[in-house]
Every structure is written in C-alpha cells, then in structure tokens.
Amino acid sequence: MAVIDLNADLGEGFGVWRLGDDDAMLGIVTSANVACGFHAGDPAGLLRVCRTAAERGVRIGAQVSYRDLAGFGRRFVDVTAEDLIADVVYQIGALQAIAAAAGSTVCYVKPHGALYNTIVTDRTQAGALAEAVRLVDPALPVLGIAGSAFFDEAARRGLRTVAEAFADRAYRPDGRLVSRREPGAVLDDPAAIAERVVTMATSGRIIAIDGTEIGVSVESVCVHGDSPGAVRIATAVREALAAAGIDVRAFC
C-alpha cells in the first residue's frame, strides 16, 4: 500500500490576528509545519497549536524562515550564511521548547516561503540551512523539493530528505512553483485538487501550468492552511487518498 504524509503550515496567526483554522486542520493532517516566530506566530498561539497537535497525534515540524514578519516570510533576504545558520538554529530551538512544554517534540524541519524557494538553487543559503539543522540534531529530517540544492546539501551532511509536493499550488514546466504574483498560482477547487494529489501520489506525474506533464517526487503533500477553503481542500484530499487505497500517515 502506498503511504503519503499530509502536512499544513499552521500557527501563523499573531496576537489577535488569526490566519486559517488550525484546530480544524489538525483534525485532518498528519504533520503540522508550525511557525517559529520569524515570519508568523506568537508564543501563546504556538503553544496552543503544539498542545492540540500532541493531543491528536499530529507530528510537529519547525517551519523556519527569514526574519520577515511584515512580509510573512515571502520576501527574499540577502542574509549571510553565518547569520542564516544562527537564525535557523534559534527558531528550531524555540519550537523545541514549546513542543516539549506541550508534551511532544519537533521531529522535522521545513523552510517557509521565500527561503523555501531560494534554496532550490541558491547553494550558499541551502548549505547554511542544512548546516543549521545538522548542528541542532542531525537526526531531524528536512522537507523540500527533490533535486534541489537544499537536498544536495542536506544529503552531504547525512540528513534525511523527504520529498514534498503541493496540493494547491501550480507548477512550472521546470518543476518549480509558479510565483504567487502570477495568475493561477494558487488552486481552489477541492475536487480537482484532490484528483491531482491522487494522480501525483500514484503515478508521480503532474500537469504544469502550461499543460505539459512533469515528474514529481512525493512522500509528503502540503495543503496550505492559509489558503481560502483550506479545510474543505484538506478534507477532500484526505478522503480521495483513502478512497484510492493510499495510507495517509506521518513520515516520522
């Protein structure tokens, strides 16, 4: 039986401002990419998310990013490797403490936003992120795109890499994500998204935005918790995977 992890970016509210329905999503996904305070998330909110994740058996991952609260981590930052290493170590350590207080643990790391996209090709920042994870705990797996510079750098350091695909994002012919600034970058039809995820999980293929078919490696599928209709989309995806005989289970 095929096995797929279902993950979502959670804990991205700040103060009185709430983004998405974390509680509902934690009833659907198997892994939660929890913000670490640099692009989103405040300590009280992160503790609530980690407690709920612990109660429901959802794995907790550190969703690390550039230091960019105002831009939600979606703006490139020309940070030095030394500073990026320190920033990522700090973020993982902070979430480890919060997860421990919630009765759980951080069991993987996933970069967020502009950092995620940058390290597909930027070997300096990719190496810095991989090195930060190694310094904290070389047993922590990392989520990312197969074939990326990040995966190369992670493998060089002995880190486990987990290939991720996106349920609700359009792909370019080269296998990278379509920029959110471009039309059609974010998908919103639950049925179509669910069918797409089943196809990628069973055949390793996906249709790019120009209509071409491309290969995609996938062990974990991300449904963005901040997308409109995120709960309906995640529910449709999980139900479709189950109907296709695919076991939805955390990878760690």
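You'll find the structure just up there.
Residues numbered from 1 in each chain as written. Predicted model: local features only at pLDDT ≥ 70, side-chain atom pairs only at ≥ 80, totals over all residues. Heavy atoms only, no water.

### Let's talk about the overall build of the protein
When helices and strands are tallied, the protein shows eight helices and ten strands. Within the protein, the fraction of its 252 residues that count as buried is 54%. Taking as baseline every contact in the protein between residues at least 6 positions apart, the subset at least 24 positions apart corresponds to 73%. As presented, the protein carries roughly 10,400 Å² of accessible surface, and 52% of it is formed by carbon and sulfur atoms. (Helix = DSSP H or I, 4+ residues; strand = E, 2+ residues; numbered from the N terminus. Buried < 20%, exposed > 50% of the residue type's maximum accessible area, 1.4 Å probe, protein only. Contact = heavy atoms within 4.5 Å. Areas by Shrake-Rupley, 256 points an atom, 1.4 Å probe, with all protein chains shown as cover.)

### Here we look at the side chain of aspartate 9
Mapped onto the elements of the fold, aspartate 9 is located in strand E1 (residues 3–10). Reaching out from aspartate 9, the side chain makes a polar contact with the side chain of asparagine 33 at a distance of 2.8 Å. Polar contacts involving the side chain of aspartate 9 include one to the side chain of lysine 110, which spans 3.5 Å. Ignoring sequence-local partners within four residues, the contact set of aspartate 9 consists of Asn33, Gln63, Lys110, His112, Cys222, Val223, His224 and Gly225. (Polar contact = N/O pair within 3.5 Å; in protein donor to acceptor, adjacent residues only side chain to side chain.)

### Observations regarding the state of the cysteines
Throughout the structure, instances matching the rule amount to one disulfide. The residue that forms a disulfide with cysteine 107 is cysteine 252, at a sulfur-sulfur distance of 2.4 Å. Of this pair, cysteine 107 sits in strand E4 (residues 106–111) while cysteine 252 sits in the segment after strand E10 (247–248), placing them 145 residues apart in sequence. Residue classification places cysteine 252 among the partly exposed positions, given a relative accessible area of 26%. Among the cysteines around cysteine 36, which has no disulfide bond, cysteine 50 carries the closest sulfur, lying 8.7 Å off. Judged by relative accessible area, cysteine 36 falls into the buried class, the value being 8%. (Disulfide = S-S within 2.5 Å.)

### Digging into the packing of helix H2 (residues 43–56) against helix H3 (residues 81–101)
For the pair H2 and H3, interaxial distance at closest approach is 8 Å and the crossing angle is 50°. Taken together, the axes of H2 and H3 are oblique relative to one another. As for the relative orientation of H2 and H3, their crossing is right-handed in sense. Taken together, the residues of H3 that come into contact with H2 (itself represented by Pro43, Leu46, Leu47 and Cys50) are Leu95, Ile98, Ala99 and Ala101. (Axes fitted to C-alpha atoms, helices over the stretch in contact; angles between N-to-C directions. Parallel < 35°, antiparallel > 145°, perpendicular 65-115°, else oblique. Left-handed = near helix turned anticlockwise from the far one by under 90°.)

### What to know about the pairing of strand E2 (residues 31–35)
Of all five residues in E2, five are buried; the element is thus mostly enclosed. Of the two faces of E2, the one carrying Ser31, Asn33 and Ala35 and the one carrying Ala32 and Val34 are both buried. Bridging between E1 and E2 involves four bridges; their strand directions are parallel. Bridging across to E2, leucine 10 finds its partner in valine 34. As defined by bridge partners, E2 adjoins strand E3 (residues 59–64) across five bridges and the pair is classed as parallel. Note on E3: the bridge partner recorded for serine 31 is arginine 59. Following the chain from E2 across H2 to the adjacent parallel E3, one finds a crossover that is right-handed. (Pairing = 2+ DSSP bridges. Right-handed = clockwise from strand over helix to strand, strands pointing away.)

### Comments concerning the nonpolar core
With 81 residues, the main nonpolar core has Val237 and Leu241 as its most contacted residues. If we ignore the near neighbours within four places in the chain, the residues touching valine 237 are Leu6, Ala167, Ile193, Ala194 and Val197. Within the second largest apolar cluster, five residues are counted, among which are Cys107, Tyr108, Val162 and Phe251. (Core = buried A, V, L, I, M, F, W, Y, C linked by side-chain atoms within 4.5 Å.)

### A short note on the packing of helix H5 (residues 123–136) against helix H6 (residues 149–156)
Where H5 meets H6, the closest approach of the two axes is 8 Å, and the angle between their N-to-C directions is 45°. Taken together, the axis directions place H5 and H6 in an arrangement best described as oblique. Crossing handedness for the pair H5 and H6: right-handed. Contact with H5, carried on its side by Arg123, Ala126, Gly127, Leu129 and Ala130, involves Ala149, Phe150, Asp152, Glu153 and Ala154 of H6 and no other residues of that element. For the contact of H5 with H6, the per-class residue count stands at six nonpolar, one polar and three charged. (Nonpolar A, V, L, I, M, F, W, Y, C, P; charged D, E, K, R; others polar.)

It is worth stressing that arrangement in space is one thing and function is another; only the former is reported here.
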